[in-house]
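Here's the letter readout for the chains.
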Amino acid sequence: MELRHLTYFLAVADSRNFTQAAARCYVAQSALSQQIARLEKDVGAPLFHRTSRSVRLTAAGELLEPLARRILADVDNAQAALDALAGVRRGRLRLGLVQTMAVSLDMVEVAAEYRARHPGVELRVSNAPSSLMAAAVLAGTLDVAVVSMAAREVPEGLDHRVLGSTPLVALVPREHALADREAIDLADLADSHPLIQFSRGSGLRRQVEAAFARAGVGAGQDFEVGQIHDMIRLAVRGVGVTVVPRSSVVGPGSLLGLGTTAELPHGARMLRLVDDQAVHHMCVVYDGTRLAPAGAAFLDVLDRHVTGRSA
């Protein structure tokens, strides 16, 4: 079994198409097919079900896929470690980032400093629900992920560092019946206005639904939006109400760019929740047994920003 065979195998597994996989690997389709056939001979089982219309993994292929990803990730990490030993900071960092920050931490500044310190590292940033990104770190397809999870929610097998937390707040339009209050119970908010919710599977969605459950009411869903910024803007413009982390609305790194005492546009109100457990948690997760130098360097930069924020 050769490493290039695993690379070809994953290209086909990802694209479900031999022609596209060959183009991705810069080889002729016939050559790629021959190498896949050789790999299947080595493992002693077919890896793909092929028809004129589709390509899908067999049971053997499904078993090999996560192992192949880990093997290739280990090779990358080994090369990066050797580069670091020689004083060369190269490699690749596959970083997952949630949209919401639970702390006054500007991830743009973190990424900018990391890039300035380690320009030779290829930085790949992706976004997905926290549970999926944590699973990707476990699978070896992400190196580090900043996720919306409390420490107790981090999957077994992952290391983590707590970054902080921020209270959830309700955003209501100026004409809302509760707009003149300082704090509200979510039971009073339910059914009072269309509710704007974040994507299913996200950490924020779980936290908001748990808060409504503690208030004894269902969260419901009138709108489902995939961008936190859009949720806030829709609520500010009076389309509905929403519940989001306070740090997404005001303070350093807020999505609206507002200072800590700024008034919301269009007369909208930000209301505190009486539920002290309604908190948005944030941590960074990684696999310390497999972390490459590029990932360790990112954690160092992140730690400096966290320490500087809390100093």
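Residues numbered from 1 in each chain as written. Predicted model: local features only at pLDDT ≥ 70, side-chain atom pairs only at ≥ 80, totals over all residues. Heavy atoms only, no water.

**Some remarks on the packing of aromatic side chains**
Overall, the coordinates contain three aromatic pairs when judged by the stated rule. Aromatic pair Phe18 and Phe48: ring centres 5.9 Å apart, planes at 75°, arrangement edge-to-face. Of the two residues, Phe18 sits in helix H2 (residues 18-25) while Phe48 sits in strand E1 (residues 48-50), which places them 30 residues apart along the sequence. Ring plane angle 75° and centroid distance 5.7 Å describe the contact between Tyr114 and Phe298, whose orientation is recorded as edge-to-face. Residue Tyr114 is located in helix H5 (residues 107-117), and its partner Phe298 is located in helix H10 (residues 293-310); the two are separated by 184 residues in the primary sequence. The same class applies to Tyr114 as to Phe298, namely buried. Three or more aromatic residues joined by ring pairs make a cluster, and in this case those are Phe9, Phe18 and Phe48. (Phe/Tyr/Trp six-rings, centres within 6.5 Å; stacked < 30°, edge-to-face > 60°. Helix = DSSP H or I, 4+ residues; strand = E, 2+ residues; numbered from the N terminus. Buried < 20%, exposed > 50% of the residue type's maximum accessible area, 1.4 Å probe, protein only.)

**Description of the confidence of the model for the protein chain**
The predicted model of the protein chain averages 85 in pLDDT, with 90% of residues at 70 or higher. No element of the protein chain has a lower mean pLDDT than H10, which averages 82, and none a higher one than strand E5 (residues 144-147), which averages 94. (pLDDT = per-residue confidence, 0-100.)

**Here's the deal with the nonpolar core**
Counting 35 residues, the largest nonpolar core has Leu189, Phe212, Val243 and Leu273 as the members making the most contacts within it. Secondary structure elements with two or more residues in this core: strand E6 (159-172), helix H7 (186-189), strand E8 (195-198), helix H8 (203-214), helix H9 (228-236), strand E10 (241-245) and strand E11 (269-273). Setting aside chain neighbours within four positions, we find Val243 in contact with Leu168, Val169, Ala170, Leu186, Leu189, Leu204, Val208, Phe212, Met231 and Leu273. Core analysis: the second largest hydrophobic core is formed by 34 residues, Tyr114, Ala136, Cys283 and Val306 among them. (Core = buried A, V, L, I, M, F, W, Y, C linked by side-chain atoms within 4.5 Å. Contact = heavy atoms within 4.5 Å.)

**Things to note about the side chain of Thr242**
Within the fold, Thr242 resides in strand E10. Judged by relative accessible area, Thr242 falls into the buried class, the value being 0%. A polar contact of 2.8 Å, which involves the side chain of Thr242, links it to the backbone oxygen of Ile196. Look past the residues within four positions of Thr242 in its chain and what remains in contact with it is Val169, Ala170, Leu171, Leu195, Ile196, Met231 and Ala235. (Polar contact = N/O pair within 3.5 Å; in protein donor to acceptor, adjacent residues only side chain to side chain.)

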